[in-house]
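Here's the letter readout for the chains.
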Amino acid sequence: MARPTTSSIATARAKPAARRNVLPGRLSPGMACDTAFRIIARRHLDAVLAQHDGTCHGDPEALHKIRIALTHLRTAIRFFSPMVDDALRPNVWAELKWLNSQLGMVRDLDVAIERVIAESGGELDVIAELQHWDEKRAESHRLLARALQSARYRRLVEQTSAWIESGPWSTRRSKEAIRLRRCPLADHATAQLTEWETTLLRKARKLRKLDVEKRHRLRLLNKRLTYSIESLEDLFADESLTKQKSILKQLRKAQKSLGQLNDDARGQTLAASLNEAVPEAGIRFLNRKRQKKLLRTASNAYRKLDKAKPFRSSDLAPNAEPED
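Residues numbered from 1 in each chain as written. Predicted model: local features only at pLDDT ≥ 70, side-chain atom pairs only at ≥ 80, totals over all residues. Heavy atoms only, no water.

The name an unreviewed UniProt entry assigns to the protein chain is CHAD domain-containing protein, from the organism Bradyrhizobium barranii subsp. barranii.

Next comes the structure, spelled out in structure tokens:
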């Protein structure tokens, strides 16, 4: 297995870029959106870096955590659009997407292998099948470790950090750009959460009729809303925590079911690549009864979420005054 070099470890552990501004430790309702974006994005970029070594060494838990942190970071960029939509954003986004694709293949194989092991019962033919899965996983991890130790990865970290801190979005002088940066976080968050929740619930009403690709896109919308609420946890007052937890509970239920359905679809695709060596591999990921149960669980979660009251500004900024 490839091991990280001394230089790559040093790069990963180092602060990603010089930071001009000392930011508050927590979000607050009246905080300007530009400050809030930097706080949230820094948190998630730092979380990506924290899992670098473990992922290079093949730790599945570190791989899982780095993917979550990366998705949180990408969600934050979406959440604060169009404020951060400048000339550099497409390149930053493309590189983060590249990193996600590198991580995704190994994670998909980890999930598929866990499924095979859970259903194996120790049969000899399954043990033989696992050898093929493990070989594919080992090769994918070698490619991932190489990517995480590459100059491209180091540039990604440096460029993303610099963009978060002082990208063109932060200095544009148009009235609209200034308004977006100065907008109180609670106002922007309320509008964005409401818009994303409305879109999610509208699409979820057709869940049982969606094909695999559209169901996957619904899952991404679900994840986007979930991760945004989690990133804004500092804002919820004590009296709002119950509502926040209730909403997150239903979103996570739906996310888990949709995630398992997506894992099954990915497992079938991966199994197809093993067909010559293991002709029956794909059958393991076809289970109509399981699919029906998962769809029912997700649908029930969305029905309960639809009955909940939508987010209001008072949930995020009770009695708050705008900050300077």
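Caption draft 1: A look at a positive patch on the surface. The grouping of Arg208, Lys249, Lys253, Lys289, Lys292, Lys293, Arg296, Arg303, Lys304 and Lys307 at the surface amounts to a positive patch. Elements represented by at least two residues in the positive patch include exactly helix 11 (238–272) and helix 12 (288–307). Looking at the positive patch element by element, the count peaks at 7 residues for helix 12. Following the sequence through the fold, Lys249 ends up in helix 11. (Patch = residues over 30% accessible without salt bridge, like charges linked within 9 Å, V, L, I, M, F, W, Y side chains within 5 Å. Areas by Shrake-Rupley, 256 points an atom, 1.4 Å probe, with all protein chains shown as cover. Salt bridge = Lys/Arg side-chain N within 4 Å of Asp/Glu carboxyl O. Lys, Arg positive; Asp, Glu negative; His and termini not counted. Charge placed at Lys NZ, Arg CZ, Asp CG, Glu CD. Helix = DSSP H or I, 4+ residues; strand = E, 2+ residues; numbered from the N terminus.)

Caption draft 2: Seen up close, the packing of helix 9 (residues 185–204) against helix 10 (residues 212–231). Packing of helix 9 against helix 10 leaves a shortest axis separation of 10 Å and a crossing angle of 150°. Here helix 9 lies roughly antiparallel to helix 10, going by the angle between them. Like other packed secondary-structure pairs, helix 9 and helix 10 cross with a definite hand, here left-handed. Contacts from Leu193, Trp196, Glu197, Thr199, Leu200, Lys203 and Ala204 in helix 9 reach Leu218, Leu221, Asn222, Arg224, Leu225, Ser228 and Ile229 in helix 10. By residue class, the composition of the contact of helix 9 with helix 10 is 8 nonpolar, 3 polar and 3 charged. (Axes fitted to C-alpha atoms, helices over the stretch in contact; angles between N-to-C directions. Parallel < 35°, antiparallel > 145°, perpendicular 65-115°, else oblique. Left-handed = near helix turned anticlockwise from the far one by under 90°. Contact = heavy atoms within 4.5 Å. Nonpolar A, V, L, I, M, F, W, Y, C, P; charged D, E, K, R; others polar.)

Caption draft 3: Broad picture of the packing of aromatic side chains. Throughout the structure, instances matching the rule amount to 5 aromatic pairs. With a centroid separation of 5.6 Å and an interplanar angle of 65°, the aromatic rings of Phe37 and Phe80 are classed as edge-to-face. With Phe37 in helix 2 (residues 33–50) and Phe80 in the loop between helix 4 (60–79) and helix 5 (89–118), this pair connects stretches of sequence that are 43 residues apart. On the accessibility criterion, Phe37 (0% relative accessible area) is buried. Summarising the aromatic geometry, the rings of Phe79 and Phe80 are spaced 5.3 Å apart at their centres and angled 75° between planes, so their arrangement reads as edge-to-face. The burial state of Phe79 is the same as that of Phe80; both residues are buried. (Phe/Tyr/Trp six-rings, centres within 6.5 Å; stacked < 30°, edge-to-face > 60°. Buried < 20%, exposed > 50% of the residue type's maximum accessible area, 1.4 Å probe, protein only.)

Caption draft 4: Spotlight on the nonpolar core. Counting residues in each nonpolar core, the largest one holds 72 residues, and the members touching the most others are Leu27, Phe37, Phe80, Leu232 and Tyr302. Ranked by the residues each element gives to this core, the list is headed by helix 2, at 9 residues. Split by domain, the residues of this core number at least three in each of domain 1 (29–183) and domain 2 (184–316). Setting aside chain neighbours within four positions, we find Leu232 in contact with Leu27, Ile40, Phe79, Leu185, Ala189 and Leu193. Membership of the second largest hydrophobic core comes to 5 residues, among which are Leu109, Ala112, Ile113 and Trp133. (Core = buried A, V, L, I, M, F, W, Y, C linked by side-chain atoms within 4.5 Å. Domains from an automatic or database assignment.)

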